[in-house]
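A closer look at the structure
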Amino acid sequence: MQTNTRPAPATATPTPAETPGGGATAATFPVDGRTAPELPPRDDWPSSGGSLKKAPKRGLFDPEIVRPALVDSLRKLDPRHLARNPVMLIVEIGAAITTVIFVRNLLGHGVDPTWFVGWIAAWLWFTVFFANFAEAMAEGRGKAQADTLRKMRSETMAKVMVGGDRSRIEQRASSALRPGDLVLVEAGDIIPSDGEVIDGVAYVSEAAITGESAPVLKEPGTDIASSVTGGTQIISDALVIRITAEPGKTFLDRMIALVEGAQRQKTPNEIALNILLAGLTIIFLIVVVTLRPISQYAGAIGSTTVLIALLVTLIPTTIGALLSAIGIAGMDRLVQRNVLAMSGRAVEAAGDVDVLLLDKTGTITFGARQAAEFIPVPGVTERELATAALRSSLADDTPEGKSIVALAESLGLATEPGALEGAELVPFTAETRMSGIRLDGHATMKGAVDAIERNATSPIPPALHESANRIGAEGGTPLAVIDDGRPLGVIYLKDTVKPGIRERFADLRAMGIRTIMITGDNPLTATTIAREAGVDDFVAQAKPEDKIRIIRDQQADGRLVAMTGDGTNDAPALAQADVGVAMNTGTAAAKEAGNMVDLDSDPTKLIEIVAIGKQLLMTRGALTTFSIANDVAKYFAILPAMFLTAYTAEGGAPGRLAALNVMRLTSPHSAILAAIIFNALIIIALIPLALRGVAYRPMSAASLLRRNLLIYGVGGLVAPFVGIKLIDLILTAVGLS
Amino acid sequence: MVLNIAMLVVFIALLVGLSWLLGTYMARLFSGERVFLSPLLQPVERGIYRLTGVNEAEEMRWTTYTIAMLLFNVGGLLLTYAILRLQQVLPFNPQHLGPVEPRLAFNTAVSFTTNTNWQAYYPETTMSYFSQMVGLAVHNFTSAATGIAIAIALVRGFARRTTREIGNFWVDLVRATLYVLLPICLVGTLVLVSRGVPQNLDAYVPTTTLAGATQWLPMGPMASQEIIKELGTNGGGFLNANSAHPFENPTPLTNLIEMLAILVIAGALAVTFGKMVGNIRQGWAIFAAMAILLVVGIAVTTIAEQSGNPLLSHAGASQATTVDGSPAPGGNMEGKETRFGIAASTLWAVITTATSCGAVNSMHDSYTPLGGLIPLANIGLGEVIFGGVGSGLYGILICAVIAIFIAGLMVGRTPEYLGKKIEQYDVKMAMLALLVIPLTILGFSGAAAVSGDALASRFNPAAHGLTEILYAFTSATGNNGSAFAGINANVPFYLIGQGFAMLIGRFLFIVPVLALAGNLAAKKRATETAGTFPTTGGLWVGLLIGVIVIVGALTYFPAYTLGPVIEQFQMHAGETFSLGG
C-alpha cells in the first residue's frame with residue numbers, strides 16, 4: 001500500500017470560488033462546525049448519470065436485454081437449474097423422451113408419424129426455452145440496473161487520517177476501509193464508503209443514488225444529516241467521516257446484490273405456490289400414467305408421445321414458466337420506484353398490510369404551517385388586510401412568510417418591484433415575537449396576538465380575539481397584523497394537509513387498510529388534521545416510544561403494520577413493524593432496522609409499496625387460475641383425438657367421442673399439436689403481463705376477486721378454445737394435419 | 001316433475017332445520033359446554049373415563065391425537081378380524097355359519113374400520129349375529145365417531161389461536177358416540193321398528209312362496225343396525241340387497257328418515273364449524289356449497305334416469321310417464337324398486353354417494369351411463385358434498401384451503417381463511433391429502449384395467465366394464481362402500497386391492513388433515529378487513545364449488561371419458577356389447 005503524508009488540507013485543497021467567504025475559511029474546519037456553507041450553483045451539481053432513477057427507461061423487449069436473455073435461456077436448459085422448478089423439469093424430461101422417440105422414428109421404429117413426433121419434440125423444447133427466456137428477461141432488467149450501479153462503485157482512493165490526525169493522510173483503496181477508519185473528503189471527492197460525519201459542514205450530492213439533483217447539507221451530530229453513503233459526491237467544503245460499513249457490505253453493495261437478484265431466495269408465498277403447482281403436477285402425472293393401462297383396456301392405447309403431450313398441456317406450465325419472472329419483476333418494479341426491499345418476504349408482506357402508521361409531519365402535512373385565510377376585523381376589507389400582510393412578509397423567508405405572500409398573490413395582489421427599497425426589516429425575535437417592515441416611518445407588523453396587542457395604538461377589537469380563539473380551537477395558529485399600530489385582523493396559519501392525500505387514504509380504506517396518524521401535537525390540532533386528511537385514527541401527543549407500543553398492540557390483534565421512519569429513535573419501531581420503510585435521508589440505524597429503504601425519502605411511497613406487493617401476489621394468482629382454466633379446452637382437443645379407436649376392437653364404431661371435439665379440429669395429429677403449440681406460445685404471450693404485473697386498482701377484495709376471476713378464470717377457460725382452433729386452422733393450411 | 005321438485009324442496013328444508021338443531025348442539029358439546037343430555041349422560045361419560053384412565057382435561061397436540069386415533073382404529077381392526085375368524089365359536093350364530101375366509105375377513109375388517117362398509121360377501125350366508133353386532137355394528141359407531149372427532153379437531157385448528165393443542169381424541173370419541181350417535185340411534189331404531197323393520201335375534205324363517213318354493217326369510221337385529229348404518233354414513237347393509245330390501249327400508253317414510261339420517265350429521269357439522277369459528281355464516285357457506293352440488297347431482301341423475309334408455313324402448317319396454325291414462329314411473333326403472341320409483345331412487349343414489357354412506361336402495365349398475373356417472377363422480381370428488389360423518393367436513397375444508405389459496409392471491413394478499421394465513425406447510429398438507437385419492441383410485445383402476453384376474457370379475461364388457469372397475473376402487477378409496485355391482489369383488493385381487501385402497505383413502509387422508517389442524521391452531525388469527533376476501537358470500541360458495549368441480553373434472557375426465565361418457569354416446573347410437581364379443 002502506498003503511503004504518503006499530505007500537507008494540511010487547509011492549504012492543499014483548491015477552494016471552489018463559490019464557497020462563501022473565499023478559500024481559506026471554507027476549507028478549514030469551522031470550530032463551531034455549524035455555519036452552513038453556501039450552496040454551489042446548479043451548474044456545479046454533478047449529474048446523476050449513475051442513479052437508478054435516471055437509468056435509461058427500457059422498453060419491455062429492449063434488444064439490449066433480449067439478446068443476452070436469449071443466450072441465458074439456452075444456458076438455463078441445464079436440468080440442474082430446472083430442478084428448482086418441478087413443472088418445467090417435467091416438460092424438459094418430456095422433451096428429451098420425445099426427442100429420443102423422434103430419433104427412433106427416424107431409424108424406422110415408430111408408432112406415430114415421424115413429422116408429428118418431431119414437431120411435438122420441438123415445441124416441447126420451445127416450451128422450456130420460453131420459460132427460461134421469461135426468467136432471463138426478468139433477471140436481465142435487474143442486471144442492467146446493477147451494471148449502472150457498479151459503475152459508481154468503481155474503486156476510489158480514500159484519504160485515511162492515520163490515528164485521527166488530519167495531517168497524517170494515508171491513501172487507501174475504498175475497498176480496504178474498515179469500520180472506525182476516519183476519512184477526509186473534500187469538494188469533488190467521491191465518498192468512499194458509508195459513514196458518519198464527525199466534523200465539517202458540506203453539501204453532498206446524492207444524485208448518484210437517489211436521482212435527486214439538489215445537494216444535501218451534511219453536518220455532524222444531527223442524527224439524520226450526519227450519515228453519508230458511499231458513492232455519493234461531496235461538492236463543497238470538506239468533511240471528516242467515520243466509516244461505518246464493513247468492506248463489501250456498503251449500502252451500494254447491498255443495492256447491487258438486490259437488484260441483481262444474487263441473493264434472491266424464493267419467498268414464502270412463492271414456495272407455497274410452488275408446492276401447489278407441484279401437487280397439481282403430480283395429480284396430472286398420475287392421471288396420464290394411469291391413462292396408459294386404462295386406454296389400453298379401451299383398445300385406444302395412447303402412444304408415449306401423445307401421453308407426454310397430454311401431460312405437458314395439463315400441468316400448470318404457464319404459471320410454472322412465469323413464476324420466478326413474476327417475483328423478479330416485482331422487486332424490479334420497486335427498484336424503479338426507487339425503493340430497495342431487503343427481502344422478497346418484505347414485498348409480499350407489503351401486500352398484506354392492514355394498518356399504516358404515518359407520521360403527521362412530512363407525510364400527511366407539509367410540516368410547515370401555511371397561511372390559509374385572511375380574517376379582517378370589522379371595518380377593514382380583506383384586501384386591506386392582505387395588502388398589509390403581504391408587505392409585512394415581503395422580507396420573510398420562513399415557509400410561513402412565503403405562504404402569506406403566496407396567499408396574498410392568489411387574491412390578486414402583486415408585489416411591486418423595488419418595494420423593499422429603503423425598507424427596514426424587523427426580524428422575528430423571541431422577545432418581540434413579531435416581525436415586519438418599516439418603510440418611510442410606516443410600520444407593518446405581524447405576530448402573536450398578545451405581542452401585537454402590546455404594540456397596538458388603538459384598542460384591539462373583540463372580533464380579532466374571537467377569530468384568534470376560533471383559529472386556536474381548530475388547531476391553527478393566528479397571526480395578528482397591525483399597520484401603524486392599527487389592528488387589521490388575523491392571518492389563519494394552519495398545518496396544511498398535502499393535496500390528494502385524502503383520496504389516497506380513501507383508496508387505502510377501500511383496500512381494507514387503516515391509517516393511523518402519529519403526531520406530537522395536542523389533541524385539538526391532531527383532531528383537525530385527522531379530520532381533514534381522512535385518517536381512520538390518530539394518536540396525539542405521541543412520544544417516539546409510543547410507536548412501538550402501537551405497533552405491538554396492532555400486531556397482537558392480528559394485524560400487519562407498515563410504517564416509515566428516519567430517525568434513530570424510529571429504529572426499534574421500524575424493526576418491529578412488518579413492513580418498515582426507512583427514508584434514505586435517515587440514519588444508518590433506521591436503514592438497518594427497516595426492511596426497505598426509500599431512496600426518494602418520500603413517506604407517502606408506502607402506499608405505492610403496498611400496491612406493488614398486492615400486484616405481485618395478484619399476478620401469481622391470476623396466472624395460476626389462467627393456467628388451470630386452460631386445461632379444460634386442452635382435454636377437449638386431445639381426448640377425442642386420442643380415443644378415436646376406443647372399443648372398436650369389441651365391435652364399437654370408431655369416433656364415438658367426436659361430439660367432444662367441440663372445436664372441430666382437423667385431425668387427431670393437428671389437434672394434439674395445436675394444443676402443444678398453444679401451450680408454448682401462451683407463455684411468450686404472457687411474459688409482458690408477468691413482468692408488468694396485472695392491473696391493480698384499489699377496491700374491495702370481493703370486487704377484486706370477481707374482476708380477476710372474470711378476466712383470468714373465464715378468460716382462461718375461453719382463450720385456449722379460440723387459440724387452439726386458430727393454430728389448428730394454420731396447421732391445416734400449411735398441410736400439417 | 002313438479003312432484004319431484006316438491007319432494008326435493010321439502011327434503012332440503014328438513015335437512016336445513018335438522019342440521020341447524022344438531023349443529024348447534026354439537027358446537028356446545030365439543031366446546032365442553034353443558035347440553036340438555038348432560039345431566040343424564042355425564043355420569044356415564046365420567047364412568048367411562050374412570051374405567052379407561054382418560055384425563056378429560058388433558059389436551060393433545062396433533063401428533064398425540066393422531067397416534068391415539070391410529071391406535072384405536074388398528075385395535076378395532078384387529079379385534080374385528082379376530083371376531084370374523086372365530087365367529088363359529090362365538091355366541092349368537094343360529095345359522096351355524098363357519099369362520100370367514102382370511103382375505104375376506106381382512107377386507108371386511110378394513111371396510112368397517114374405515115367407515116367404508118364395502119361388502120364383498122352375502123351377509124345372510126356369511127355373518128353371524130355376533131359378528132354383525134359386535135364385529136361390524138360397533139364399527140358403525142366408532143368409525144363415525146372417529147370421523148366426527150377428526151372434523152372437530154380440524155375445526156379447532158381454525159377456531160383456536162397460538163396453541164399447539166387440538167383437543168383430546170378419547171374425549172371427542174366418547175362424546176360423539178354417547179351424546180350424538182347413541183341417542184339418535186335409540187330414537188331412530190324405535191321409529192324404524194314401528195314402521196315394520198325387524199329387530200330380533202331369531203333364526204331365519206322358512207316360508208313357501210307363491211310358486212311353491214321354500215324361501216328363508218332373514219331375521220336379526222336389523223332396525224338398530226339400519227339407523228346407524230345411515231346416521232354414521234357407513235352403509236353396510238344387514239342384508240345384501242341393502243336398503244332396497246323391504247325389511248331394511250319398507251316404506252317411503254322409512255326411506256325419507258333414512259335419507260335424512262345419512263345427511264344430517266354432515267350437514268350439522270357445517271353448522272358446528274360455523275358456530276365454533278365464531279361466525280355461523282361461515283358454516284352456512286360450506287353448507288350451501290355442499291347443497292348446491294347435491295341438488296345439481298340429483299337433477300342430472302333424475303333427468304338422466306327419467307329420460308330412460310333408448311335401448312329399452314327398442315326392446316319394447318314402455319318408458320312413458322302415463323300408461324293407459326294412469327301414471328307410471330316412466331324412464332329407466334331397471335334396478336329400481338317400484339315402491340320408491342325413479343325420483344326417490346336417484347335421490348338416494350346421489351345422497352349415498354355424495355356422502356360416504358354407500359347404502360343403496362337401487363342398483364347403480366343399471367342406471368343410464370350419465371345417471372351412473374354422477375354417483376361415481378360424487379365419490380371421486382372426495383365425498384365433500386356433505387360427505388361422510390366428519391370426513392365430509394374435513395374433506396371440503398381441505399378444498400377450501402386450496403380454493404382460498406388461489407383466491408387469496410388474486411386479491412393481492414397472502415391467502416387467509418378464517419384469519420389463518422395459508423402458508424407452505426398448510427398447502428403441502430392439503431395437497432398431500434388431495435393427492436391420495438386420485439393416486440389410489442386411478443392407480444388401482446389402471447392396474448385392474450390390464451390385470452386378467454380383475455377383468456375376469458367383470459359382468460360387463462367395454463365401457464360399462466371399465467365403469468364397474470372405476471366404481472369399485474372409487475367406492476373403496478372414498479370409503480363409500482356402495483357397490484356399482486356388476487363385479488365379483490370376492491376374489492383375491494379385489495379383496496386385497498380394495499382393502500389397501502380403503503386404508504389409504506381413510507388414514508393417509510386423515511394424517512395430513514390432523515397435521516394441518518395442528519399447524520393452523522398454532523397460528524395467530526388475523527383480523528378481518530375490507531381487504532380480506534369474505535368467505536361467507538355467494539362468490540366464495542361459487543369459487544369453492546368451482547375448485548371442487550374443476551380439480552375433480554381435470555383428474556377424472558380422461559378415465560370417465562372411456563367409461564360412462566363414451567357409453568352414453570354408444571347407448572344413443574344403439575351400440576351394445578357382450579362379454580367375450
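Since the structure is predicted, the reported quantities are computational estimates derived from the model, not experimental observations.

Looking at the overall build of chain B
- Helix and strand counts for chain B stand at 19 helices and six strands.
- Relative to the 2.2 N^0.38 estimate, which gives 25 Å for 581 residues, the radius of gyration of chain B is 23 Å and therefore close to what a compact globule would have.
- By its C-alpha atoms, chain B is 70 × 55 × 50 Å across when sized along the principal axes.
- Taking all 581 residues of chain B together, the buried fraction comes to 63%.
- Expressed as a percentage of contacts within chain B between residues at least 6 apart in sequence, the contacts between residues at least 24 apart total 77%.
- Of the accessible surface of chain B, which amounts to about 19300 Å², a share of 67% is contributed by carbon and sulfur atoms.

Things to note about the environment of asparagine 107 of chain B
Residues and elements named next belong to chain B.
- With respect to the element layout, asparagine 107 can be found in helix H4 (residues 102-113).
- Note: C-alpha distance between asparagine 107 and glutamine 498 (391 residues apart in sequence) is 7.3 Å.
- Setting aside residues up to four positions removed in sequence, asparagine 107 forms contacts with Trp118, Ala120, Tyr494, Leu495, Gln498, Gly499 and Met502.
- Here the side chain of asparagine 107 touches leucine 495 through a polar contact of 2.8 Å, landing on its backbone oxygen.

Focus: helix H13 (residues 369-380) of chain B
All names here are of chain B.
- For H13, with 12 residues, the first-to-last C-alpha span of 16 Å sits near the 16 Å given by 1.5 Å per residue.
- Counting buried residues along H13, 10 of its 12 residues qualify, which places the element largely inside the surrounding structure.
- Two residues or fewer past H13, glycine 382 is found with a positive phi of approximately 105°.

As for the packing of aromatic side chains
- Inspection of the entire model under this criterion finds 28 aromatic pairs over all chains.
- With a centroid separation of 6.3 Å and 85° between ring planes, the pair formed by tyrosine 297 of chain A and tyrosine 647 of chain A is classed as edge-to-face. On the criterion of sequence distance, the pair formed by tyrosine 297 of chain A in helix H9 (residues 268-297) and tyrosine 647 of chain A in the loop between helix H22 (605-642) and helix H23 (668-692) is long-range, its members being 350 residues apart. Neither tyrosine 297 of chain A nor tyrosine 647 of chain A differs from the other in exposure class; each is buried.
- Ring plane angle 80° and centroid distance 6.1 Å describe the contact between phenylalanine 72 of chain B and tryptophan 170 of chain B, whose orientation is recorded as edge-to-face. Of this pair, phenylalanine 72 of chain B sits in helix H3 (residues 62-85) while tryptophan 170 of chain B is found in helix H7 (residues 169-194), placing the two residues 98 residues apart along the sequence.
- On the basis of relative accessibility, which here comes to 24%, the residue phenylalanine 72 of chain B falls in the partly exposed class.
- Among the aromatic residues, ring-to-ring pairing joins Phe158, Phe273, Tyr417, Phe533 and Trp540 of chain B into one connected group.

A word on the domain arrangement of chain B
Residues and elements named next belong to chain B.
- One can read the domain layout of chain B as domain 1 (2-204 + 217-278) and domain 2 (286-310 + 332-572).
- Distance between the C-alpha centres of domain 1 and domain 2: 21 Å.
- Between domain 1 and domain 2, the residue contacts involve 76 residues of the former and 73 residues of the latter.
- Carbon and sulfur atoms supply 76% of the area that domain 1 and domain 2 bury against each other, a total of about 6100 Å² over both sides.
- If you sort the residues of domain 1 by the area they bury against domain 2, Trp118, Leu154 and Phe158 come out on top, with a joint share of 14%.
- Run the count over domain 1 and domain 2 and you get zero salt bridges.

A closer look at unusual backbone geometry
Residues and elements named next belong to chain B.
- If you check the backbone angles, threonine 233 has positive phi at about 45° while not being a glycine.
- Tracing the chain through its elements places threonine 233 in the loop between helix H8 (222-231) and helix H9 (252-276).
- Although it is not a glycine, asparagine 479 sits at a positive phi angle of roughly 55°.
- With respect to the helices, strands and loops of the structure, asparagine 479 is situated in the loop between helix H17 (462-477) and helix H18 (492-521).

A closer look at the sheet that holds strand E6 (residues 216-218) of chain A
Residue and element names in this part refer to chain A.
- Spatially, the three strands line up as an open sheet ordered E6-E5-E8, and their pairing is antiparallel. Every other strand in the sheet has two partners, leaving E6 and strand E8 (233-234) as the edge strands with one partner each.
- Both strand E5 (residues 202-205) and E8 contribute to a ladder of two bridges, which runs antiparallel. In the sheet register, serine 205 faces E8, and the bridge partner there is glutamine 233.

Section: the pattern of salt bridges
- Taken as a whole and assessed by the stated rule, the structure comprises 45 salt bridges over all chains.
- As a salt-bridge pair, lysine 229 of chain B and glutamate 248 of chain B come within 2.6 Å of each other at their nearest N and O atoms. One end of the pair, lysine 229 of chain B, is in helix H8; the other, glutamate 248 of chain B, is in the loop between H8 and H9, and 19 residues separate them in sequence. Just as lysine 229 of chain B is buried, glutamate 248 of chain B falls in that class too.
- What you see here is one network of salt bridges that share partners, running through Asp352 and Asp354 of chain A together with Arg413, Glu416 and Lys421 of chain B.

Side note on the pairing of strand E2 (residues 169-173) of chain A
Residues and elements named next belong to chain A.
- Of all five residues making up E2, four are buried, and the element is well covered by its neighbours.
- As defined by bridge partners, strand E1 (residues 157-161) adjoins E2 across five bridges and the pair is classed as antiparallel. Within the sheet, the bridge partner assigned to methionine 161 lies in E2 and is isoleucine 169.

Section: the interface of chain B and chain A
- Each partner contributes to the interface: chain B provides 62 residues, whereas chain A provides 67 residues.
- Interface area, chain B with chain A, both sides summed: about 5500 Å², of which 75% is carbon and sulfur.
- Residues aspartate 352 of chain A and lysine 421 of chain B are paired through a salt bridge, measuring 3.8 Å at the closest nitrogen-oxygen approach.
- The interface formed by chain B and chain A contains 12 residue pairs in polar contact (both at pLDDT 80 or more).
- Taken together, the elements giving at least two residues each to the side of chain B that touches chain A come down to helix H14 (391-410), helix H15 (424-449), H17 and helix H19 (538-572) of chain B.
- Among the elements that line the side of chain B that touches chain A, the one with the most residues is H19 of chain B, at 15 residues.
- Its residues assigned to classes, the side of chain B that touches chain A shows 40 nonpolar, 14 polar and eight charged.

Things to note about the sheet that holds strand E11 (residues 355-359) of chain A
All names here are of chain A.
- Strand order across the open sheet formed by seven strands is E10-E22-E21-E20-E11-E18-E19, with mixed pairing between neighbours. One side of each edge strand has no neighbouring strand; the edge strands of this open sheet are strand E10 (339-341) and strand E19 (537-539). Adjacent strand axes in the sheet meet at a mean angle of 20° when their direction is disregarded.
- Across the sheet, helix H18 (residues 523-533) is in contact with strand E18 (514-518) and E19; its angle to E19 comes to roughly 155°.
- On top of the sheet, H22 reaches E10, E11, strand E20 (561-565), strand E21 (579-583) and strand E22 (596-598); it is set at about 160° to E11, its chief contact.

Comments concerning the packing of H14 of chain B against H18 of chain B
All names here are of chain B.
- Their axes nearest at 11 Å, the elements H14 and H18 cross at an angle of 60°. Relative to H18, the element H14 lies oblique. Where H14 crosses over H18, the handedness of that crossing is left-handed. Across the interface between the two elements, Ser391, Tyr394, Gly395, Ile398 and Val401 from H14 touch Arg506, Phe509, Ile510, Val513 and Leu516 from H18.
- Residues that form the contact of H14 with H18 fall into these classes: seven nonpolar, two polar and one charged.

Quick notes on the nonpolar core
- The biggest cluster of nonpolar side chains holds 332 residues, and the ones touching the most others in it are Ile265 and Tyr417 of chain B.
- A per-element tally of this core places H22 of chain A first, with 19 residues.
- Among the domains, domain 1 (2-204 + 217-278) and domain 2 (286-310 + 332-572) of chain B are the pair contributing at least three residues each to this core.
- What tyrosine 417 of chain B contacts, discounting residues up to four positions off in sequence, is Phe158, Phe273, Gln282, Ile286, Leu397, Ala400, Ile404, Ile422, Thr535 and Trp540 of chain B.
- Counting 34 residues, the second largest nonpolar core, distinct from the first, contains Ala371, Leu385, Val426 and Val490 of chain A.

Cut-off values and rules
- Per-chain numbering applies: the sequence of each chain, read as written, is numbered from 1 onward.
- Just so you know, chain letters begin at A and ligand numbers begin at 1, following the order they were written in.
- Where local features are concerned, this predicted model is filtered to residues with pLDDT of at least 70; where side-chain atom pairs are given and counted, the filter is 80 or more; whole-chain, interface and lining totals use all residues.
- Water and hydrogen atoms were dropped before computing side-chain values, which therefore reflect all heavy atoms in the structure.
- The numbering of helices and of strands both runs from the N terminus, where a helix is a DSSP run of H or I of at least 4 residues and a strand a run of E of at least 2.
- The globule rule used here is 2.2 Å times the number of residues to the 0.38 power, and the radius of gyration it is set against is calculated over C-alpha atoms.
- Accessibility here uses a 1.4 Å probe with only protein chains present; expressed as a share of the type maximum, an area under 20% marks a residue as buried, one over 50% as exposed, and anything in between as partly exposed.
- Note on contacts: a residue pair qualifies if any of its non-hydrogen atoms lie within 4.5 Å across the two residues.
- Each accessible area is a Shrake-Rupley estimate made with a 1.4 Å probe; only the visible protein chains count as cover when residues are assessed.
- Within 3.5 Å is the distance limit for a polar contact, defined as a pair of N or O atoms, with the added protein rule that one can donate a hydrogen and the other accept it, and that residues adjacent in sequence qualify only through two side-chain atoms.
- How far a helix is expected to stretch is found by multiplying one less than its residue total by 1.5 Å.
- Ring geometry is summarised as follows: Phe, Tyr and Trp rings, the Trp one being its six-membered ring, pair when their centres sit within 6.5 Å, and such pairs are stacked at plane angles under 30 degrees, edge-to-face over 60 and tilted between the two.
- For each domain, the first and last residues come from an automatic or database assignment.
- Accessible area that two parts lose when put together, evaluated with a 1.4 Å probe and summed over both, is termed the buried area.
- A pair is scored as a salt bridge if a Lys or Arg side-chain nitrogen falls within 4 Å of a carboxyl oxygen belonging to Asp or Glu.
- For two strands to be treated as a pair, DSSP must find no fewer than two bridges joining them.
- The nonpolar class holds Ala, Val, Leu, Ile, Met, Phe, Trp, Tyr, Cys and Pro. Asp, Glu, Lys and Arg form the charged class, and all remaining residues, Gly among them, are polar.
- To get an axis, a line is fitted to the C-alpha atoms, and for a helix only the part in contact is used. The angle between two axes follows their N-to-C directions and goes from 0 to 180 degrees.
- Just so you know how the angles are binned, under 35 degrees is roughly parallel, over 145 roughly antiparallel, 65 to 115 roughly perpendicular, and the rest oblique.
- Two helices that cross are described as forming a left-handed crossing if the nearer one is turned anticlockwise from the farther one by less than a right angle, and a right-handed crossing if clockwise.
- What we call a nonpolar core is a set of buried Ala, Val, Leu, Ile, Met, Phe, Trp, Tyr and Cys residues that are connected through their side-chain atoms within 4.5 Å.

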